[in-house]
Amino acid sequence: MEAFVTDTLTDALAALDVPALTQLFRNQDEFIVVEGFLPQPLLDACLNALDTVAPAINRNYIPWHKKGGSVSRFDLDRLAPVFGKLYRNTALVELLRTLTGQDLEYCPPNDPHTYALYCYTEPGDHIGFHYDTSYYRGTRYTVLLGLVDESSCRLECELYRTRSDRATESLSLRLAPGTLVAFNGDKLRHRITPAGANERRIALTLEYVTDVAMHPLLRFVSNMKDSIAYFGFRQVFARSGKRAAD
Ligand SMILES: O=C(O)CCC(=O)C(=O)O
Ligand SMILES: [Fe+2]
């Protein structure tokens, strides 16, 4: 599996104009969209894993803010190793390091959000406007990869929102299968618009940080958020307790 991920991604990354992407990422206040990023065989491997992870989807609902399903990194590790291999692929991390100009690190093994799936399968599934706030000491970068999009959902983004010297620019985009979106979580305000009836949208998220140190109190806050908004208490606290004790 690892060799397969490495081989397919290495070829795809070699075809990218990295200096141009880096320029664009920085010009857009640390935000970029790369259509057709995932090579088809790798996208297919991710899609094949979806049936296996389906029973692990945790449904969540926060009135007015969020409704949907999520699969944590713990369940992905247990059921579908392709996602972890993709997250740790060195060529991918090197590309992200070049784009950001930062020495990015992997999130620690007790973080359920290190990589995760977001599943929009019921009418009204959505997430309201937010930042991907970092609870780590370092800056948090989010990567979204489209896997399935049979939906009318849009990823709506507000660029330059935190800048006092520029007007905010709004973008509305479809996260088509294979598309990569990468951004600084503290800078990009974004949301996913509600799914309609009989629609389906599945996105993979990857999280990288510049410094994985975290205050224990913020780890608790982060775990509470992940339990309520994403993965459920059993997942988050049983696993993070177990990992911490390992
Ligand atoms: O589903 C997506 O593409 C992104 C969802 C999101 O922004 C989040 O859960 O923080
Ligand atoms: Fe987000």
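Residues numbered from 1 in each chain as written. Chains lettered and ligands numbered in written order. Predicted model: local features only at pLDDT ≥ 70, side-chain atom pairs only at ≥ 80, totals over all residues. Heavy atoms only, no water.

Colleague: Give me the lowdown on the site of ligand 1, citing residues and values where you can.
Modeller: By nearness alone, every residue bordering ligand 1 is listed as Tyr118, Tyr120, Ile127, His130, Asp132, Leu144, His190, Ile192, Arg201, Ala203 and Tyr230. Expressed as a share of its isolated accessible area of 300 Å², the protein-covered part of ligand 1 is 99%. Elements represented by at least two residues in the shell around ligand 1 include exactly strand S5 (115-120), strand S6 (126-130), strand S11 (189-192) and strand S12 (200-209). Each residue belonging to the shell around ligand 1 can be placed in one class, and the counts come to 7 nonpolar, 2 polar and 2 charged. (Near = heavy atom within 4 Å. Areas by Shrake-Rupley, 256 points an atom, 1.4 Å probe, with all protein chains shown as cover. Helix = DSSP H or I, 4+ residues; strand = E, 2+ residues; numbered from the N terminus. Nonpolar A, V, L, I, M, F, W, Y, C, P; charged D, E, K, R; others polar.)

Colleague: Before we move on, could you go through the coordination of the iron ion (ligand 2) and cite the residues and values that matter?
Modeller: In this structure, His130 (NE2), Asp132 (OD) and His190 (NE2) serve as the protein donors to the iron ion (ligand 2), at separations of 2.1 Å. Each donor residue of the iron ion (ligand 2) lies on one chain, and together they are spaced H-x1-D-x57-H. In this pair, histidine 130 sits in strand S6 while histidine 190 sits in strand S11, placing the two residues 60 residues apart along the sequence. Take histidine 130 and histidine 190: they sit in the same class, and that class is buried. (Donors = N, O, S within 2.8 Å, 3.2 Å for Na, K, Ca; no water. Buried < 20%, exposed > 50% of the residue type's maximum accessible area, 1.4 Å probe, protein only.)

Colleague: Describe the packing of helix H2 (residues 18-27) against helix H6 (residues 90-100), naming the residues involved and giving the relevant values.
Modeller: The geometry of H2 relative to H6 is characterised by a closest axis approach of 8 Å and an angle of 50 degrees between their N-to-C directions. Classified by the interaxial angle, the pair formed by H2 and H6 is oblique. The handedness of the crossing between H2 and H6 is right-handed. Contacts between H2 and H6 pair Val18, Leu21, Thr22, Phe25 and Arg26 from the former with Leu95, Thr98, Leu99 and Thr100 from the latter. Counted by class, the contact of H2 with H6 contains 5 nonpolar, 3 polar and 1 charged residues. (Axes fitted to C-alpha atoms, helices over the stretch in contact; angles between N-to-C directions. Parallel < 35°, antiparallel > 145°, perpendicular 65-115°, else oblique. Left-handed = near helix turned anticlockwise from the far one by under 90°. Contact = heavy atoms within 4.5 Å.)

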